[in-house]
Amino acid sequence: MTGNSGRHGAGGPDGGHPPADWGVLAAAAAGAVHARFGHRLMRLPGTWIGAVASPPAQAPVPWSEWHYWWQAHYLDAVVDAGFRGLRGGNREAAAQDLARGRSLLRGIMVRNFGRFPNFYYDDMAWLALAAGRLDQLSRAAAGRPAALAGLASSTLTAQLHAAHDGVLGGGLYWSRKRDYKNTPVNGPAALHFARIGEPDRGRAVADWLRALLFDDASGLYLDGVHPSGRGPEVERAIYTYNQGPVLAALLELDHPRYAGQAAELVAAIERRLATEGGGLRLEPGADGGLFTGILCRYLAIAAGDPRLPAPARTTAARLVRDTAGELVGAPEPRMLSAAVQQWTVFEAAAALGS
């Protein structure tokens, strides 16, 4: 990415890009995703799903290619929009987003052969988080729980429990193959456990991540570790999205030690993952098209958390706004992942307020 000269640029209240109406941009991005990618699954009433690409490479068929975890983040973005409506006093818009979220969760279940579990525990962790937030939106907007979201959360929680064992001292496996434990599952799992009232398990996972996959040199979390006869074999790649749910989990676990780690992580994210324009780097590839949006979602949470020192909160907010500024006026993404990312970043900026 290129942007303003200097590390943080000039113009906005935190530096970087001039102020923008992020809520308007988020609403426009939401409408574009629904119009360009969204459709009923097999034309079934009460379902919704996102196409992988727009325009599609071929006419949709009942079991067209899809990516379970992309749909989970599509659902998370729908929930973001619903809460934005509530913040703005637009309960009608929030109710529409709630209905869309329910249909999308049902579409995911139907497309996944009528069940929520799949082969990858990180996929399931992402959907567990999104389903939990959909239930929160339902309680806030409609005054009642979302039954299907509750079923998804409880079903997927049981799967995550089964993925957690003592090999390598703890942590969850990435897949049912059970040959790799990585940050993409353990970060969101730790956050999910903390949110559903399992803080002991959440702390165990967060501490395991810190012990095995935290890189002292960069201050960031590495990708994962393989158990082997020769001992642990660490995959040292560093990705933007791996930092986000760990950051949120540290805050959700609500302990001064974790708040300190969270503040240090925000500083490392700025130091290692920001571009000269001030925004966060964008990752390549179809899956990578979601990565930075995920980090922005959780940086926005950090920006509003009073347990963090003011400099960390300011840095988190600036990173979100500068990343959003880099995406203003960008071409419409062809892939669902990148389109949801753009929407997610705008929602994160909108959640920061003015």
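No experiment lies behind these values; they were computed from the predicted model shown.

Cut-offs used in this document
- Residues numbered from 1 in each chain as written.
- Predicted model: local features only at pLDDT ≥ 70, side-chain atom pairs only at ≥ 80, totals over all residues.
- Heavy atoms only, no water.
- Helix = DSSP H or I, 4+ residues; strand = E, 2+ residues; numbered from the N terminus.
- Rg over C-alpha atoms; globule rule 2.2 N^0.38 Å.
- Buried < 20%, exposed > 50% of the residue type's maximum accessible area, 1.4 Å probe, protein only.
- Contact = heavy atoms within 4.5 Å.
- Areas by Shrake-Rupley, 256 points an atom, 1.4 Å probe, with all protein chains shown as cover.
- Lys, Arg positive; Asp, Glu negative; His and termini not counted.
- Charge placed at Lys NZ, Arg CZ, Asp CG, Glu CD.
- Axes fitted to C-alpha atoms, helices over the stretch in contact; angles between N-to-C directions.
- Parallel < 35°, antiparallel > 145°, perpendicular 65-115°, else oblique.
- Left-handed = near helix turned anticlockwise from the far one by under 90°.
- Nonpolar A, V, L, I, M, F, W, Y, C, P; charged D, E, K, R; others polar.
- Phe/Tyr/Trp six-rings, centres within 6.5 Å; stacked < 30°, edge-to-face > 60°.
- Core = buried A, V, L, I, M, F, W, Y, C linked by side-chain atoms within 4.5 Å.
- Expected span 1.5 Å × (residues − 1).
- Polar contact = N/O pair within 3.5 Å; in protein donor to acceptor, adjacent residues only side chain to side chain.
- Patch = residues over 30% accessible without salt bridge, like charges linked within 9 Å, V, L, I, M, F, W, Y side chains within 5 Å.
- Salt bridge = Lys/Arg side-chain N within 4 Å of Asp/Glu carboxyl O.

Trainee: What should I look at first to understand the overall build of the protein in this one?
Mentor: Check the secondary structure of the protein and you find 12 helices and seven strands. The globule rule puts the C-alpha radius of gyration for 354 residues at 20 Å, and the 19 Å found for the protein is close to it. Dimensions along the principal axes, computed over C-alpha positions, put the protein at roughly 50 × 50 × 40 Å. For the protein, buried positions account for 55% of its 354 residues. In the protein, once contacts between residues fewer than 6 apart in sequence are set aside, the share between residues at least 24 apart is 68%. Accessible surface, the protein as shown: approximately 14,100 Å² in total, 54% of it carbon and sulfur. Of the side-chain charges in the protein, 35 are positive and 32 negative, and the distance between the mean point of each set is 5 Å.

Trainee: Honestly, the packing of helix α11 (residues 310–327) against helix α12 (residues 336–351) in this entry has me stumped. Any pointers?
Mentor: In helix packing, the relevant descriptors are the interaxial angle and the interaxial distance, both defined with respect to the helix axes. For the pair α11 and α12, interaxial distance at closest approach is 9 Å and the crossing angle is 135°. Comparing their axes, α12 and α11 come out oblique. Handedness of the α11/α12 crossing: left-handed. Contacts between α11 and α12 pair Val320, Thr323, Ala324 and Leu327 from the former with Gln342, Val345, Phe346, Ala348 and Ala349 from the latter. Of the residues assigned to the contact of α11 with α12, the class counts are seven nonpolar, two polar and no charged.

Trainee: Would you mind going over the packing of aromatic side chains with me for this structure?
Mentor: The description of an aromatic ring pair rests on the distance of the ring centres and on the angle between the ring planes. Applying the stated criterion across every chain, the model contains 14 aromatic pairs. Seen in terms of ring centroids, tyrosine 120 and tryptophan 174 are 5.2 Å apart; in terms of plane orientation they differ by 50°. Their pairing is tilted. Of this pair, tyrosine 120 sits in the loop between α3 (91–111) and α4 (121–142) while tryptophan 174 sits in the loop between α5 (147–163) and β3 (181–182), and the two are 54 residues apart along the sequence. A residue is classified by how much of its surface remains accessible, and tryptophan 174, at 30% relative accessible area, is partly exposed. Between tryptophan 126 and tyrosine 241, the ring centres sit 6.4 Å apart and the planes meet at 25°, which makes this aromatic pair stacked. One end of the pair, tryptophan 126, is in helix α4; the other, tyrosine 241, is in helix α8 (residues 240–252), and 115 residues separate them in sequence. Each member of the pair, tryptophan 126 together with tyrosine 241, is buried. Of the aromatic side chains, those joined through ring pairs into one cluster are Trp69, Trp126, Tyr239, Tyr241 and Phe291.

Trainee: It is not clear to me how the nonpolar core should be interpreted in this structure. Could you clarify?
Mentor: A general tendency of soluble globular proteins is for nonpolar side chains to be buried together. Within the largest apolar cluster, 108 residues are counted, with the highest numbers of intra-cluster contacts made by Leu127, Ile269, Leu299 and Trp343. Looking at this core, the element that brings in the most residues is α4, giving 11 residues. What leucine 127 contacts, discounting residues up to four positions off in sequence, is Tyr68, Ala72, Leu75, Leu105, Ile108, Phe116 and Leu156.

Trainee: Explain α11 here, please?
Mentor: Its 18 residues place the ends of α11 26 Å apart at the C-alpha level, agreeing with the 26 Å of an ideal helix rising 1.5 Å per residue. Taken across its 18 residues, α11 has 14 buried, putting it largely inside the fold. Residue glycine 329 follows α11 closely and has a positive phi angle near 80°.

Trainee: Looking at this model, I keep getting lost on unusual backbone geometry. Mind explaining?
Mentor: Backbone phi values are negative for most residues with the exception of glycine, while trans is the configuration of most peptide bonds. Look at the link from serine 54 to proline 55: it is a cis peptide, with omega at 0°. At arginine 43, a position not held by glycine, the phi torsion is positive, near 60°. Within the secondary structure layout, arginine 43 lies in the loop between β1 (38–39) and β2 (49–50). Residue class for arginine 43 comes out exposed when judged on its relative accessible area of 74%.

Trainee: Hey, could you run me through the side chain of asparagine 112 in this one?
Mentor: Along the chain, asparagine 112 falls in the loop between α3 and α4. Given the relative accessible area of 9%, asparagine 112 is considered buried. Looking at asparagine 112, its side chain comes within polar contact range of the main-chain oxygen of arginine 115, at 2.9 Å. At 3.5 Å, the side chain of asparagine 112 and the backbone oxygen of phenylalanine 116 are in polar contact. The residues touching asparagine 112, leaving out its near neighbours within four places in the chain, are Trp66, Tyr68, Pro117 and Asn118.

Trainee: Can you walk me through a nonpolar patch on the surface in this structure?
Mentor: On the surface, Met42, Leu44, Trp63 and Phe113 cluster together into a nonpolar patch covering about 410 Å² of accessible area. With respect to the helices and strands, methionine 42 occurs in the loop between β1 and β2. The exposure class assigned to methionine 42 is partly exposed, which follows from its relative accessible area of 34%.

Trainee: Any chance you could explain the environment of leucine 336 here in plain terms?
Mentor: Note that leucine 336 resides in helix α12. Expressed as a C-alpha distance, the spacing of leucine 336 and valine 52, which sit 284 residues apart in the sequence, is 5.3 Å.

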